[in-house]
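# A structural walkthrough
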Amino acid sequence: MSSVDTQLHAVLLRALSGVRYDVLRKRATELSARYREAAVADASPALRDNLDCLAYAVVRMPATYRAIQAALRAADLHVGAAGTHLDLGGGTGAAAWAAASIWPGIQTRIVERQAAAVALGRRLVAAGPSWSTPPVWSAADLRDWQAASPVVDLVTLAYLLNELSPETRRSVIARAAASGDTVVLVEPGTPCGYRYILEARAQLIGLGFAIAAPCPHQLECPLADPDWCHFAVRLPRTELHRRLKDGTRNYEDEKFSYLVATRRPARRAAARVLTPPVRPKNQVLLTLCTATARRTPIRVPKSSPSYGAARAAVQGAPWPEM
């Protein structure tokens, strides 16, 4: 774990002080069911009160933090560092923690309408590390929120589009594009989550943005149903996390889809590893998305100069390494 990962884990545990386990478990189960049933819309916040926010933070915030962190590392690699950051619908602040883990000192403003989420996010920050520039929350409903001025380096929208109506999604994406030089989207790694990413991708291209990652191109996506573009990050589970989620493993894999779009010069990858590499004896089999928008399988034999890099390759990595 990085120091920020460890600090986030510690402040989440401290936030549970005085909360009964059975009450937290019941609320976490109800919250999970609401998300699975997609019973969340513009007028119905996913996090309704203090206990909802705490249950979400304990069960989901470590995973969303890791997924957002992976997307922001791609932004750092393909676009560059960010100094100012606007997080839309940022809830309890996972994106702020992720950004600070990559760019210490980044100035983050979070727009969030749910007062309980804002209150818990502030508590977590106050109980955490000595932030050189602590994130600042603005209480606002994204349906009424206006584009930020001046323009910031980075705008993030994470695990948000699935909570918005189609009309609101388009409006929020347009205002995000007007507010920042680089826009990073993260959604659950499901066919539905990727569909929202694709819709936003087309809209951002239409607004003059270049796609920096994960696509090595900005042509039409070569993947067709039932396939979709998604990646995964692995994170350790605490004992409490396992009990709340009825899990037996000491880790979980968070599947996510993401997009980095920018007005800045982008260092786009030549290709990207789409699926986990397969490593039979003396060879590595990779499936790539290429700069010509093709889903291309390749075989790297042990005799190839690229064999070492192929052995070390992971799903989601640029190919060849940048």
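This text goes with the structure placed above it.
Per chain, residues are indexed from 1 in the order of the written sequence. Totals for whole chains, interfaces and linings use every residue, but because this is a predicted model, local features are given only for residues with pLDDT of at least 70 and side-chain atom pairs only at 80 or more, for both listing and counting. Excluded from the side-chain calculation are hydrogens and water; included are all heavy atoms of the structure.

It is worth spelling out the overall build of the protein at this point. Put simply, DSSP marks the helices as runs of H or I at least four residues long and the strands as runs of E at least two long, and each gets a number from the N terminus on. The secondary structure content of the protein amounts to 10 helices and 12 strands. The C-alpha atoms of the protein give 20 Å as radius of gyration, which agrees with the globular expectation for 322 residues (20 Å, within 12%). Taking the principal axes of the C-alpha coordinates as reference, the protein spans close to 60 × 45 × 40 Å. As displayed, the protein offers around 14,500 Å² of accessible surface, 53% of which is attributable to carbon and sulfur atoms. Just so you know, the count uses Lys and Arg for positive and Asp and Glu for negative, and it drops His and the chain ends. For this purpose, a charge sits on NZ of Lys, CZ of Arg, CG of Asp or CD of Glu. For the protein, the distance from the average position of its 40 positive side-chain charges to the average position of its 27 negative side-chain charges is 6 Å. As a reference, a globule follows 2.2 Å times the number of residues to the power 0.38, and the radius of gyration itself is taken over C-alpha atoms. To be clear on the numbers: accessible area is Shrake-Rupley with a 1.4 Å probe, and residue cover counts the displayed protein chains and nothing else.

Before going further, it helps to examine the sheet that holds strand β11 (residues 295-301). Adjacent strands of a sheet pair through backbone hydrogen bonds, lying either parallel or antiparallel. Following DSSP output, two strands are said to pair if at least two bridges run between them. Spatially, four strands are ordered β11-β10-β9-β12 in an open sheet, and the strand pairing comes out antiparallel. Looking at which strands have only one partner, the edges of the open sheet turn out to be β11 and β12 (318-319). One ladder, built from seven bridges, connects strand β10 (residues 283-290) with β11; its direction is antiparallel. In the sheet register, Q283 faces β11, and the bridge partner there is P301.

With that settled, consider helix α7 (residues 166-179). By this rule the span expected of a helix is its residue count minus one, scaled by 1.5 Å. Under the 1.5 Å per step criterion, the end-to-end length of α7 is 20 Å for 14 residues, consistent within 8% with the ideal 20 Å. Along α7, the positions that sit buried rather than exposed are T168, R169, V172, I173, R175, A176, A177 and S179. A contact between two residues is defined here by any heavy atoms of the two lying within 4.5 Å. Elements that come into contact with the buried residues of α7 comprise β1 (84-88), β4 (152-158), β5 (180-188) and α8 (191-206). Partly exposed describes any residue whose relative accessible area lies between the buried limit of under 20% and the exposed limit of over 50%, with all areas from a 1.4 Å probe on protein chains only and scaled to the type maximum.

What is meant by a nonpolar core is a set of buried Ala, Val, Leu, Ile, Met, Phe, Trp, Tyr and Cys residues, joined one to another through side-chain atoms within 4.5 Å. Within the largest apolar cluster, 91 residues are counted, with the highest numbers of intra-cluster contacts made by L88, W97, L157, L185 and V186. Those residues within four positions of L88 in sequence are excluded, and the remaining contacts are V111, L142, W145, V155, T156, L157, L160, V172 and A176.

Here the focus is the side chain of D153. Take D153: it is sitting in strand β4. Looking at D153, its side chain comes within polar contact range of the main-chain nitrogen of G83, at 2.7 Å. What D153 contacts, discounting residues up to four positions off in sequence, is A82, G83, T84, D181, T182 and R264. We call two N or O atoms a polar contact when they sit within 3.5 Å, provided that within protein one can donate a hydrogen and the other can accept it, with sequence-adjacent residues counted only if both atoms are side-chain atoms.

What follows is about the pattern of salt bridges. Only one rule defines a salt bridge in this text: a Lys or Arg side-chain nitrogen within 4 Å of an Asp or Glu carboxyl oxygen. What the rule picks out here adds up to 10 salt bridges. One salt bridge connects D52 with R27, and the closest N-O pair in it is separated by 3.3 Å. Taken together, the residues D52 in helix α3 (residues 50-59) and R27 in helix α2 (residues 21-36) connect sequence positions 25 residues apart. In this structure, D52 and R27 share a single accessibility class: buried.

A few words now on unusual backbone geometry. In the segment running from D225 into P226, the intervening peptide bond is cis, with an omega of 10°. The topology assignment puts P226 in the loop between β6 (210-213) and β7 (231-236). A cis amide bond links W319 to the next residue, P320, at an omega of -10°. Relative to the helices and strands, P320 resides in the segment after β12. Of note in this structure, N282 is not a glycine but carries a positive phi near 65°. Position of N282 among the secondary structure elements: in the loop between β9 (271-273) and β10. Judged by its relative accessible area of 39%, N282 is partly exposed. One non-glycine residue, A293, adopts positive backbone phi at about 60°. The topology assignment puts A293 in the loop between β10 and β11.

Turning next to the packing of aromatic side chains. Two numbers describe a pair of aromatic rings. These are the distance of the centres and the angle of the planes. Paired rings are identified among Phe, Tyr and Trp, the last through its six-membered ring, by centres lying within 6.5 Å, and are further divided according to the angle between planes into stacked (under 30 degrees), edge-to-face (over 60) and tilted (the rest). Taken as a whole and judged by the stated rule, the model has four aromatic pairs. Aromatic pair W97 and W131: ring centres 5.1 Å apart, planes at 85°, arrangement edge-to-face. Taken together, the positions of W97 in helix α5 (residues 94-102) and W131 in the loop between α6 (115-127) and β3 (136-139) put the pair 34 residues apart, joining distant regions of the chain. The class for W97 is buried, based on a relative accessible area of 1%. Judged by relative accessible area, which is 17%, W131 ranks as buried. Between F256 and Y258, the aromatic rings sit 5.9 Å apart at their centres with planes inclined by 35°, giving tilted as the arrangement. When sorted by exposure, F256 lands in the same class as Y258, which is buried. An aromatic cluster is present here, built from F231, F256 and Y258 joined pairwise through their rings.

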